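Now for the letters of each chain:
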Amino acid sequence: MIGVLRRRCTVGAVAVVAGLALASGAAGQGSSTGAMHEATHLGGPTAFYAPPLRSAANLKQMAARKGMADDIRLVLTESGIPETADAVLATLAGAGASVKGGFCDEATPADGVIVECEFRKGSTLLWMAYRPNIGKRVRTPGRLEAVRWAGPKPFKAFLFRVTNDYKIYTFILPMVCSNLSLMSVTEIPGEPVTVSIDRVCDPATGNIRTTVRASSKDMARVQRVSVAINGQPAGELTASAWTVTTTRSGDYAFDASDTKGRPYTLAPRTMRVDACQPPPPPPPKTVIAPTCSFVLSSLRVKGGYEISVDATKSSTGTSNVAPAITVDLRDDKGATVGQTTLDSTLIGKIMVRRHGIYHGTATVRTAQPFEAGNFRYEGTATCEASVTIEKPTGPAVFFDVLGGKERRVRPDADTGADFAQCSPLAGVKFGVAKRFRNDVEIAGAVGVAISLVTDSQKVKESELFVDAEVNKYASGGAFIGTGLSLWDITRSDTWTPAWLLHFGLPLSKGEKHMVLFMVEGRLFFDHIGDPSNNYLVWAGLRVRLGR
């Protein structure tokens with residue numbers, strides 16, 4: 001019997017203790033007893049394909065052999081999974097390369113990827129295909145079910161996976177005999193269906209309207225959700241709406257089935273929907289007075305100032321009646337300077353000639369009383385708002401006191417060669433600035449940088465400069481700015497334009513002045529390609545006079 005066992009890849013691969021039972025059932029399609037077959041050897045004439053597999057390319061050769069596709073389809077059909085045949089054959093026919101893996105029962109490749117792995121002792125197969133009657137010249141394949149590898153050492157195999165109908169089928173082919181085997185079938189769990197109910201009561205009649213909704217990330221796997229109320233069928237939820245509406249209260253029960261008609265998990269399975277309370281008696285009529293709200297803003301125009309009135313937030317309380325609104329405008333002495341009646345846009349304008357503080361009083365009326373249900377809309381409301389138009393201001397003046405250093409590349413008076421020199425500086429500059437409503441400021445300044453060089457071997461030259469600045473102020477008074485500087489303008493051989501960058505932080509603010517701490521730097525355009533030897537940095541105070 002041992003000789004018989006070693007001549008076959010499946011029946012011949014079982015342990016001696018099971019040899020008689022397997023030999024007697026070798027002509028069938030598998031075990032009828034359901035016992036686990038203990039396999040100890042592989043290889044022999046009953047192999048599914050010869051010669052032994054050496055590479056993934058051999059899988060492609062195996063799939064191309066005449067009759068092999070039909071044999072594989074037969075095995076998969078008799079195994080109850082004919083729907084996987086196309087994907088299995090496509091994987092074998094497209095096998096051009098493989099990846100190295102560890103043990104087969106630990107491999108989880110993507111569909112279509114061929115893995116070289118080792119099938120270790122104690123691992124099991126759901127079934128193994130072989131050719132039980134090849135000795136009688138009958139190539140019809142059969143299957144040996146429930147196989148456990150009990151050999152002395154792991155055997156090498158090719159492994160691949162196929163996904164179909166939300167199940168992952170893991171197949172292996174031992175390299176020595178190519179017997180197509182199913183190692184495992186793993187169900188891909190679906191996201192449970194969640195059932196919810198929106199219960200709406202009609203306050204006027206007390207009637208109920210319930211909308212049942214079903215949702216899940218995997219609704220494509222669901223065919224229907226059935227609804228029963230108090231034990232009676234009440235409808236089904238199906239694609240694509242997945243909703244059903246009823247007008248009944250009571251005990252709701254739910255069931256779901258997938259696209260194959262199998263039960264599908266859902267939660268909750270039951271819910272209680274209570275009936276609506278009867279409507280309360282109608283309340284007495286409630287009077288709704290209009291609401292008054294408006295804002296004033298100003299804009300300088302030719303001949304004075306245009307004060308805009310925006311009362312769009314005023315209302316009669318109902319969209320059925322528009323409010324009638326008049327606005328009276330007074331100056332800070334109480335004298336009336338204008339009046340306007342707003343049109344349907346609830347926006348108007350009043351012209352004034354002078355700056356100052358202006359106060360407006362709006363009167364909102366419900367011109368025509370209106371009733372709806374238990375409400376009556378009528379009455380009058382007033383409210384006030386103010387706007388301040390500031391006196392235009394002219395340019396402000398400022399001066400800076402600064403200290404720092406410059407480093408510049410200068411020509412040597414004797415040799416004409418360039419050399420870099422650091423020079424400590426003290427500086428002062430005076431300027432005029434115009435700040436606009438958007439907090440952008442344009443400024444111009446002239447100043448002098450006084451050289452503090454004490455080394456007789458160094459050049460000691462004070463420098464006159466002119467700056468043009470563009471600054472942006474923040475709400476707290478800080479600013480950041482940039483500009484262009486013309487540096488050392490009295491010397492033709494060393495004057496240069498420079499890029500100016502600075503910022504200021506407020507130290508104190510008064511009605512007519514502001515003191516800021518300022519840091520300022522320049523990058524000289526002369527020798528701009530050597531910025532490490534061509535810059536100025538200093539810091540100090542800026543005193544800004546004027547509002």
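All figures in this text were calculated on a predicted structure; none of them were measured in a lab.

Novice: Give me the lowdown on empty space enclosed by the protein, citing residues and values where you can.
Specialist: A complete count under the given rule lists one cavity of 30 Å³ or more for this structure. Considered as a void within the structure, the largest cavity measures approximately 40 Å³ in volume. For the largest cavity, the full set of lining residues is Ala39, Leu42, Phe119, Leu125, Met128, Val147, Arg148, Trp149 and Phe155. Those elements giving two or more residues to the lining of the largest cavity turn out to be β4 (124-130) and β5 (142-149). The element that contributes the greatest number of residues to the lining of the largest cavity is β5, accounting for three residues.

Novice: Lay out unusual backbone geometry in plain terms, naming residues and giving numbers.
Specialist: Here Ala50 and Pro51 are connected by a cis peptide whose omega angle stands at 5 degrees. Tracing the backbone through its elements, the reader meets Pro51 in the loop between β1 (37-39) and α3 (56-64). A cis geometry characterises the amide bond from Ala267 onward to Pro268, with omega recorded as -10 degrees. Locating Pro268 in the fold gives a position in the loop between β16 (266-267) and β17 (270-273). Non-glycine residue Asp439 carries a positive phi angle of around 65 degrees.

Novice: Describe the sheet that holds strand β26 (residues 375-377), with residues and values.
Specialist: Taken in spatial order, the three strands line up as β18-β26-β25 in an open sheet, and their pairing is mixed. Each edge of the open sheet is held by one strand with a lone partner, namely β18 (286-288) and β25 (370-372). Strand after strand, the sheet turns through a mean of 25 degrees between neighbouring axes, direction not considered. Direction of pairing for β18 relative to β26: parallel, over a ladder of three bridges. Within β26, the position partnered with Ile288 by the bridge is Tyr377.

Novice: Would you mind going over the state of the cysteines in detail, with residue names and values included?
Specialist: Taken as a whole and judged by the stated rule, the model has three disulfides. At a sulfur-sulfur separation of 1.8 Å, the disulfide partner of Cys201 is Cys276. Across the disulfide from Cys201 to Cys276, rotation about the S-S bond amounts to roughly -85 degrees, and the bridge is consequently left-handed. Residue Cys201 is found in strand β9 (residues 193-201), and its partner Cys276 is found in the loop between β17 and β18; the two are separated by 75 residues along the sequence.

Novice: Could you give me a rundown of the pattern of salt bridges, with the residues and numbers involved?
Specialist: Across all of its chains, the model carries 36 salt bridges by this definition. Across the pair Arg143 and Glu145 runs a salt bridge, and its minimum N-O distance is 2.9 Å. Judged by its relative accessible area of 8%, Arg143 is buried. For Glu145, a relative accessible area of 29% translates into the label partly exposed. A salt bridge links Asp467 to Lys429, with the nearest nitrogen and oxygen atoms 2.8 Å apart. Placement of the pair is Asp467 in strand β31 (residues 463-473) and Lys429 in strand β29 (residues 418-435), with a sequence separation of 38 residues. In this structure Asp467 comes out as buried when scored by relative accessible area, which is 3%. On the basis of relative accessible area, Lys429 is assigned to the buried category, the value being 0%.

Novice: Before we move on, can you summarise the pairing of β4 with the specific residues and values?
Specialist: Side-chain positions along a regular strand alternate between the two faces of the sheet. For β4, the tally of buried residues reaches five of seven residues, placing the bulk of the element in the interior. Inspection of the sheet shows β4 paired to β5 by six bridges, in the antiparallel sense. Bridge assignment links Met128 to a residue of β5, and that residue is Leu144. In terms of strand pairing, β4 meets strand β8 (residues 181-187) through two bridges, oriented antiparallel. Bridge pairing in β8 places Trp127 opposite Leu182.

Parameters at a glance
- Residues numbered from 1 in each chain as written.
- Predicted model: local features only at pLDDT ≥ 70, side-chain atom pairs only at ≥ 80, totals over all residues.
- Heavy atoms only, no water.
- 1 Å grid on protein atoms, 1.4 Å probe; cavity = no way out; pocket = protein on both sides within 12 Å on 5 of 7 lines; lining within 4 Å.
- Points joined across faces, edges and corners; volume = space filled by probe spheres on them.
- Helix = DSSP H or I, 4+ residues; strand = E, 2+ residues; numbered from the N terminus.
- Pairing = 2+ DSSP bridges.
- Axes fitted to C-alpha atoms, helices over the stretch in contact; angles between N-to-C directions.
- Disulfide = S-S within 2.5 Å.
- Salt bridge = Lys/Arg side-chain N within 4 Å of Asp/Glu carboxyl O.
- Buried < 20%, exposed > 50% of the residue type's maximum accessible area, 1.4 Å probe, protein only.

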